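Read off the chains here:
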Amino acid sequence: MATTSAVPTLRASEANWVHSAIWDSFWMFSALWGSACLVALASIIGLAGAGPLMFVANIFLAVAHSWSTTFMVIGSPLLAAARKQNRWKFTHVPIIVVVGSLVLGLAVGMNRAFPESTPLTSHNALWALYLGLFWVGHFWHFGNQDFGVLSIYRLKAGQASQRRRRVDKMFTVAMMFVLQPVVYFKAVSHSPFSEAFFSYAPVSPELVAVGAGVAMWLAVILTLAIVVHEWSAPGRSIPKLFYYLVMLSHPIVLYNVHYRLGFFYMIGYFWSHWFIAIGLVGRINVNYYRNRGLGRLRALSKHVFSLGGIVAAALLLHFSFGQYNSFAGNHYKSILSQVRPEHEILLGLVLGLFLAEQLLHYYCDRSLFRFRDPNVRGAVAPLL
């Protein structure tokens, strides 16, 4: 009887494992299937046609990922109780972030602090601060997400020791807070942020190029070391091993970036990050609605419609003023220098809104997934 009764439990466990593996493969490892899709499409219509075609969805994915975590922290019913108990964290700080971003954007626009040529001068200091807040936050934000993904798989594998946690943390810090920025300045040397860096930092592009080569090989060595450590340790996690390799692909592809590899970098780096955020927030919110008695389809629809209006409004901003979003950089000096004096305030507001969107996302993502707050941990963790 015991054997017979165990069969349904075993089958349910196998079904859950398969469902989890499929879900993880799509949302957590989009870098792998996205690159495979790009290769397959390029073999049919060529990379010159496949790359731009795949990036038609970029703006939608970027905006949806940014506002997913922001919506969860400042607007979702799931965290309503947490917001009431900690107004400072969930209301006051987000307001300060938005107001501060708007003030800085207005200061840049009204003082015409953006550069018309390089190197930048002291007049462009506000512009450098504007870019620095975004990009320093970018590496911090991406690195924390990588550590968060490793933490999810560490917990699922039952790796409870603090030593395993410290190893993952040190690896993430080295890869995303040290090595990746060095490679970035070599590979994307003409981005707005790189131009600001080389204008003020006492280093030459040639020295950074040498440092980037060293950084790339250090990334390879560190990854090999942590893969060996994970494989030889008890309770090893196969998803963690794969994710270490995803993290390694970022500096390798970025170091060797050119027109062709640029498409793969966008998928492996940005798509990976965006899909993870969208997938985790969707999982949390859908499970929240299902726990309240809704079926799977109704729960998914409610999540999509709750977030959809916010994303649609943000998309209007990007489609209307996207040419002034200079964080990626695309002939930004000539575009900004053509702004007429009577439009400087409007430009400042647009710059401030783009900065606010990103800084608010960085803050809300950290507030949602850090789990230091017991109210957030108690509400969110069971739904993951």
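These remarks concern the structure in this document. Source: prediction; values computed, not measured.

**Considerations on the overall build of the protein chain**
Summing up its helical and strand segments, the protein chain has 16 helices and zero strands in all. For 384 residues, the compact-globule estimate of 2.2 N^0.38 gives 21 Å, and the C-alpha radius of gyration of the protein chain, at 22 Å, lies within 12% of that figure. Projecting the C-alpha coordinates of the protein chain onto the three principal axes gives extents of approximately 80 × 45 × 45 Å. In the protein chain, which comprises 384 residues, the proportion classed as buried is 47%. Of the contacts made within the protein chain by residues no fewer than 6 positions apart, 75% connect residues no fewer than 24 positions apart. Looking at the protein chain as shown, the accessible area adds up to about 18800 Å², and 68% of this sits on carbon and sulfur atoms. Put simply, the protein chain has 29 plus and 13 minus side-chain charges, and the middle of one group is 13 Å from the middle of the other.

**As for the pattern of salt bridges**
Side chains carrying opposite charge are able to pair once their charged atoms draw close together. Overall, the coordinates contain seven salt bridges when judged by the stated rule. The closest approach of N and O atoms between Arg154 and Asp168, which form a salt bridge, is 2.8 Å. In this pair, Arg154 sits in helix H7 (residues 125-156) while Asp168 sits in helix H8 (residues 162-187), placing the two residues 14 residues apart along the sequence. The buried category is assigned to Arg154, whose relative accessible area is 5%. Between Asp168 and Lys240 there is a salt bridge, with its nearest N and O atoms 3.0 Å apart. Of the two residues, Asp168 sits in helix H8 while Lys240 sits in helix H11 (residues 238-255), which places them 72 residues apart along the sequence. Here the two residues Asp168 and Lys240 agree in accessibility, since each one is buried.

**Details of the packing of aromatic side chains**
Under the counting rule described, the total for this entry stands at 33 aromatic pairs. Geometrically, the ring pair formed by Phe26 and Trp33 is stacked, given 5.1 Å between the ring centres and 10° between the ring planes. What links up through ring pairs into an aromatic cluster is the set Phe134, Trp135, Phe139, Tyr184, Phe185, Phe193, Phe197, Phe198 and Tyr362. Lys186 extends its terminal NZ or CZ atom over the ring of Tyr255, reaching a point 4.2 Å from the ring centre. For the cation-ring pair, Arg236 lies above Trp231, with the distance from its terminal atom to the ring centre recorded as 3.9 Å.

**Comments concerning the packing of H7 against helix H9 (residues 192-200)**
Two elements in contact, H7 and H9, have axes separated by 10 Å at closest approach and are oriented at 120°. Regarding the angle of H7 to H9, the classification is oblique. Remark: the crossing between H7 and H9 carries left-handed chirality. Where H7 abuts H9, its residues Ala125, Trp127, Ala128, Leu131, Gly132 and Trp135 lie against Pro192, Phe193, Ala196 and Tyr200. For the contact of H7 with H9, the residue count by class is nine nonpolar, one polar and no charged.

**Quick notes on the nonpolar core**
Judged by nonpolar contacts, the single largest core of 106 residues is most densely connected at Leu78, Trp127 and Tyr130. Counting residues per element, this core draws most heavily on helix H12 (residues 259-291), which supplies 16 residues. Residue contacts for Trp127: discarding those within four places in its chain leaves Val108, Ala113, Phe114, Pro115, Leu120, Pro192, Ser326, Tyr332 and Leu336.

**Some points on a nonpolar patch on the surface**
Where nonpolar side chains cluster on the molecular surface, the patch consists of Leu32, Trp231, Ile238, Phe242 and Leu245 and spans about 500 Å² of accessible area. In terms of residue count, H11 provides more of the nonpolar patch than any other element does, three residues in total. If you trace the backbone, Ile238 turns up in helix H11. Residue classification places Ile238 among the partly exposed residues on the basis of a relative accessible area of 40%.

**Here we look at empty space enclosed by the protein**
Taken as a whole and judged by the stated rule, the model has one cavity of 30 Å³ or more. Approximately 50 Å³ is the volume found for the largest cavity. Phe142, Gln145, Asp146, Met176, Tyr243, His250, Tyr269, Ser272 and His273 are the residues that line the largest cavity. The set of elements that each furnish at least two residues to the lining of the largest cavity consists of H7, H11 and H12.

**Points about the environment of Leu129**
Checked against the element boundaries, Leu129 lands in helix H7. Separated by 65 residues in sequence, Leu129 and Ser194 place their C-alpha atoms 13 Å apart.

So, how was this worked out
- Residues numbered from 1 in each chain as written.
- Predicted model: local features only at pLDDT ≥ 70, side-chain atom pairs only at ≥ 80, totals over all residues.
- Heavy atoms only, no water.
- Helix = DSSP H or I, 4+ residues; strand = E, 2+ residues; numbered from the N terminus.
- Rg over C-alpha atoms; globule rule 2.2 N^0.38 Å.
- Buried < 20%, exposed > 50% of the residue type's maximum accessible area, 1.4 Å probe, protein only.
- Contact = heavy atoms within 4.5 Å.
- Areas by Shrake-Rupley, 256 points an atom, 1.4 Å probe, with all protein chains shown as cover.
- Lys, Arg positive; Asp, Glu negative; His and termini not counted.
- Charge placed at Lys NZ, Arg CZ, Asp CG, Glu CD.
- Salt bridge = Lys/Arg side-chain N within 4 Å of Asp/Glu carboxyl O.
- Phe/Tyr/Trp six-rings, centres within 6.5 Å; stacked < 30°, edge-to-face > 60°.
- Lys NZ or Arg CZ within 6 Å of the ring centre and 35° of its normal.
- Axes fitted to C-alpha atoms, helices over the stretch in contact; angles between N-to-C directions.
- Parallel < 35°, antiparallel > 145°, perpendicular 65-115°, else oblique.
- Left-handed = near helix turned anticlockwise from the far one by under 90°.
- Nonpolar A, V, L, I, M, F, W, Y, C, P; charged D, E, K, R; others polar.
- Core = buried A, V, L, I, M, F, W, Y, C linked by side-chain atoms within 4.5 Å.
- Patch = residues over 30% accessible without salt bridge, like charges linked within 9 Å, V, L, I, M, F, W, Y side chains within 5 Å.
- 1 Å grid on protein atoms, 1.4 Å probe; cavity = no way out; pocket = protein on both sides within 12 Å on 5 of 7 lines; lining within 4 Å.
- Points joined across faces, edges and corners; volume = space filled by probe spheres on them.

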